[in-house]
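Summary of structural features
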Amino acid sequence: MFKNIREDIACILERDPAARSKLEVMTCYPGLHAIMAHRLAHRLWNAQFYWLGRFVSHLSRILTGIEIHPGAKIGRRVFIDHGFGVVIGETAEIGDDCTIYQGVTLGGTRLYKGAKRHPTLGKGVVVGAGAQVLGGFLVGDGARIGSNAVVVKPVPAHATAVGNPARVIEKETEAQSTPATPAILNIAYAVDPGAADPLNKVLNELITHVARQDARISNLCQSLEAMGSKIQDASPPLDTQKLSKLVDE
Ligand SMILES: CC(=O)SCCNC(=O)CCNC(=O)[C@H](O)C(C)(C)COP(=O)(O)OP(=O)(O)OC[C@H]1O[C@@H](n2cnc3c(N)ncnc32)[C@H](O)[C@@H]1OP(=O)(O)O
Ligand SMILES: N[C@@H](CO)C(=O)O
């Protein structure tokens with residue numbers, strides 16, 4: 001149990017740039033509280049204490065604004081950020097390392113008792129704020145659902161679905177796709193932390209360019225000196241390695 005809580009806290013610190021400390025996460029993250037309450041409610045539900053499971057879920061909803069049916073199956077390191085208005089239905093399943101924002105519904109469109117009415121999210125799925133994922137289909141591993149999307153059909157793994165009704169805007173090739181590990185789960189905003197910062201790229205290009213110009217000027221000076229000119233240059237050479245290191249830090 002403590003292992004679960006520890007990794008829940010760690011994944012929030014990893015995925016939320018606004019999170020500053022463990023204390024803050026433990027005390028101020030309704031998503032964490034809702035997940036912890038759900039674990040209890042789900043155990044009660046599985047042990048056939050149906051009313052008690054529902055009641056724990058109900059108390060958690062009052063406290064957090066997040067409604068998770070005790071029958072829903074939720075994996076490890078699932079992070080519900082902000083969380084207010086999230087509703088997760090009875091037959092929903094959420095894989096490890098998913099991130100869900102406020103106002104998301106994992107809901108159904110049919111009212112058949114006992115049927116799989118709610119979606120299954122694979123591993124590492126990100127569901128943007130206000131998105132509605134409706135139906136008993138699969139959203140594949142690493143898929144991203146845009147904010148306010150209304151998804152009514154399966155979404156392939158690593159695809160991005162946006163709009164109402166949601167359409168897939170991009171499907172990464174296998175080479176582009178990244179495995180659903182906690183390390184990449186900062187894709188909440190669809191930003192791959194592995195990708196180089198564009199500003200750093202520009203600065204590194206500039207440093208390379210300046211180094212090339214330096215080398216050319218130094219060659220020119222050597223040629224001029226060979227021809228008898230005296231050139232005075234006391235400036236130290238450009239330390240490109242030091243500069244690049246500073247940029248990449
Ligand atoms: C307080 C808080 O901050 S809570 C956090 C709230 N944040 C979220 O919920 C983030 C959810 N993430 C998103 O919605 C992202 O836009 C994603 C994951 C859907 C897509 O991100 P990216 O891969 O970077 O796509 P990108 O921004 O390049 O957009 C690609 C196309 O999709 C469109 N698009 C992106 N998001 C959406 C959306 N939610 N709805 C409709 N269209 C969208 C863009 O306009 C663009 O269209 P174009 O190609 O015609 O110009
Ligand atoms: N918690 C996330 C989304 O609001 C952030 O601060 O960026």
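Residues numbered from 1 in each chain as written. Chains lettered and ligands numbered in written order. Predicted model: local features only at pLDDT ≥ 70, side-chain atom pairs only at ≥ 80, totals over all residues. Heavy atoms only, no water.

Quick look at the side chain of Asp16
The condition that has to hold: Counting from the N terminus, the helices are DSSP H or I runs at least four residues long and the strands are E runs at least two residues long. Distance and chemistry together define a polar contact, namely a pair of N or O atoms within 3.5 Å, with one atom able to donate a hydrogen and the other to accept it when in protein, and with adjacent residues in sequence counting only for side-chain atoms on both sides.
With respect to the element layout, Asp16 can be found in the loop between α1 (2-15) and α2 (22-28). Within the structure, the side chain of Asp16 is placed 2.7 Å from the side chain of Tyr29, a separation counted as a polar contact.

Quick look at a nonpolar patch on the surface
Note the cut-off: The patch calculation keeps residues exceeding 30% relative accessible area without a salt bridge and links them within 9 Å when they carry like charges or within 5 Å when they are nonpolar (Val, Leu, Ile, Met, Phe, Trp, Tyr). All accessibility values rest on the Shrake-Rupley procedure with a 1.4 Å probe; residue burial counts only the protein chains present in the view. What makes a salt bridge here is a side-chain nitrogen of Lys or Arg within 4 Å of a carboxyl oxygen of Asp or Glu, nothing more. Each residue is placed in one exposure class: buried if its accessible area under a 1.4 Å probe, protein chains only, is under 20% of its type's maximum, exposed if it is over 50%, and partly exposed if it falls in between.
A contiguous nonpolar patch, built from Phe49, Trp51, Leu52, Phe55, Leu59 and Ile62 and spanning about 640 Å² of accessible area, is present on the exposed surface. Secondary-structure assignment places Ile62 in helix α4 (residues 50-64). Residue classification places Ile62 among the exposed positions, given a relative accessible area of 59%.

A few points about the packing of aromatic side chains
Put simply, the rule is: Two aromatic rings from Phe, Tyr or Trp, using only the six-membered ring of Trp, form a pair when their centres are within 6.5 Å; if the ring planes differ by under 30 degrees the pair is stacked, by over 60 it is edge-to-face, and anything between is tilted.
All told, the structure shown has three aromatic pairs when counted by the stated rule. Ring centres of Tyr29 and Phe79 lie 6.3 Å apart, and the angle between their planes is 40°; this geometry places the pair in the tilted category. Note that Tyr29 is positioned in the loop between α2 and α3 (30-46) and Phe79 in strand β3 (residues 79-80), a separation of 50 residues in sequence. Here Tyr29 falls in the buried class, since its relative accessible area comes to 7%.

Let's talk about the packing of α1 against α3
In plain terms, the rule: Structural elements are reduced to axes, namely lines fitted to C-alpha atoms, with helices fitted over the stretch in contact, and the angle between N-to-C directions of any two is expressed from 0 to 180 degrees. Oblique is the label for every angle not falling under 35 degrees (roughly parallel), over 145 degrees (roughly antiparallel), or within 65 to 115 degrees (roughly perpendicular). Each crossing is labelled by how the near helix is turned from the far one, with a counterclockwise turn of less than a right angle marking it left-handed and a clockwise turn marking it right-handed. Any pair of residues with heavy atoms lying within 4.5 Å of one another is described as a contacting pair. As a working rule, the residues Ala, Val, Leu, Ile, Met, Phe, Trp, Tyr, Cys and Pro are called nonpolar, Asp, Glu, Lys and Arg charged, and the rest polar, with Gly in that last group.
Running from N to C, α1 and α3 point in directions that differ by 155°, and their axes come no closer than 11 Å. If you check the angle between α1 and α3, you find them roughly antiparallel. Note on packing geometry: the crossing formed by α1 with α3 is right-handed. Between α1 and α3, the contacting residues are Asn4, Ile5, Asp8, Ile9 and Ile12 on the first element and Leu32, Ile35, Met36 and Arg39 on the second. Residue composition of the contact of α1 with α3, grouped by class: six nonpolar, one polar and two charged.

A short note on the sheet that holds strand β2 (residues 73-74)
As a reminder, the rule being used: Strand pairing is defined by DSSP finding a minimum of two bridges between the two strands.
A sheet is described by the order of its strands in space; here four strands give the open sequence β2-β5-β8-β11, paired in parallel fashion. Edge strands, defined here as strands with exactly one partner in the open sheet, are β2 and β11 (138-139). Note: strand β8 (residues 120-121) against β11, two bridges, orientation parallel. Its bridge partner being in β11, Leu121 is matched across the sheet by Val139.

Some remarks on the confidence of the model for the chain
Our working rule: Every residue gets a pLDDT, meaning the predictor's confidence in that residue, from 0 to 100.
A residue-level look at the chain finds 85% of positions with pLDDT of 70 or above and a mean pLDDT of 87. Our summary of model confidence lists the complex with pTM equal to 0.75 and ipTM equal to 0.92.

Here we look at the packing of α3 against α4
The geometry of α3 relative to α4 is characterised by a closest axis approach of 8 Å and an angle of 175° between their N-to-C directions. With respect to α4, the element α3 is oriented roughly antiparallel. Contacts between α3 and α4 involve Pro30, His33, Ala34, Ala37, Leu40, Ala41, Leu44 and Trp45 from the former and Tyr50, Leu52, Gly53, Arg54, Val56, Ser57, Ser60 and Thr64 from the latter. Considered class by class, the residues forming the contact of α3 with α4 number ten nonpolar, five polar and one charged.

Examining the pattern of salt bridges
Enumeration over the complete set of coordinates arrives at eight salt bridges. Across the salt bridge formed by Glu7 and Arg76, the nearest N and O atoms sit 2.6 Å from each other. Taken together, the positions of Glu7 in helix α1 and Arg76 in the loop between β2 and β3 put the pair 69 residues apart, joining distant regions of the chain. Among the residues examined, Glu7 registers a relative accessible area of 13% and is labelled buried. Taking the shortest distance from any N to any O, the salt bridge between Asp97 and Arg15 comes out at 3.9 Å. With Asp97 in the loop between β5 (93-94) and β6 (99-100) and Arg15 in helix α1, this residue pair connects regions lying 82 residues apart in the sequence. Accessibility classification places Asp97 together with Arg15 in one group, the buried group.

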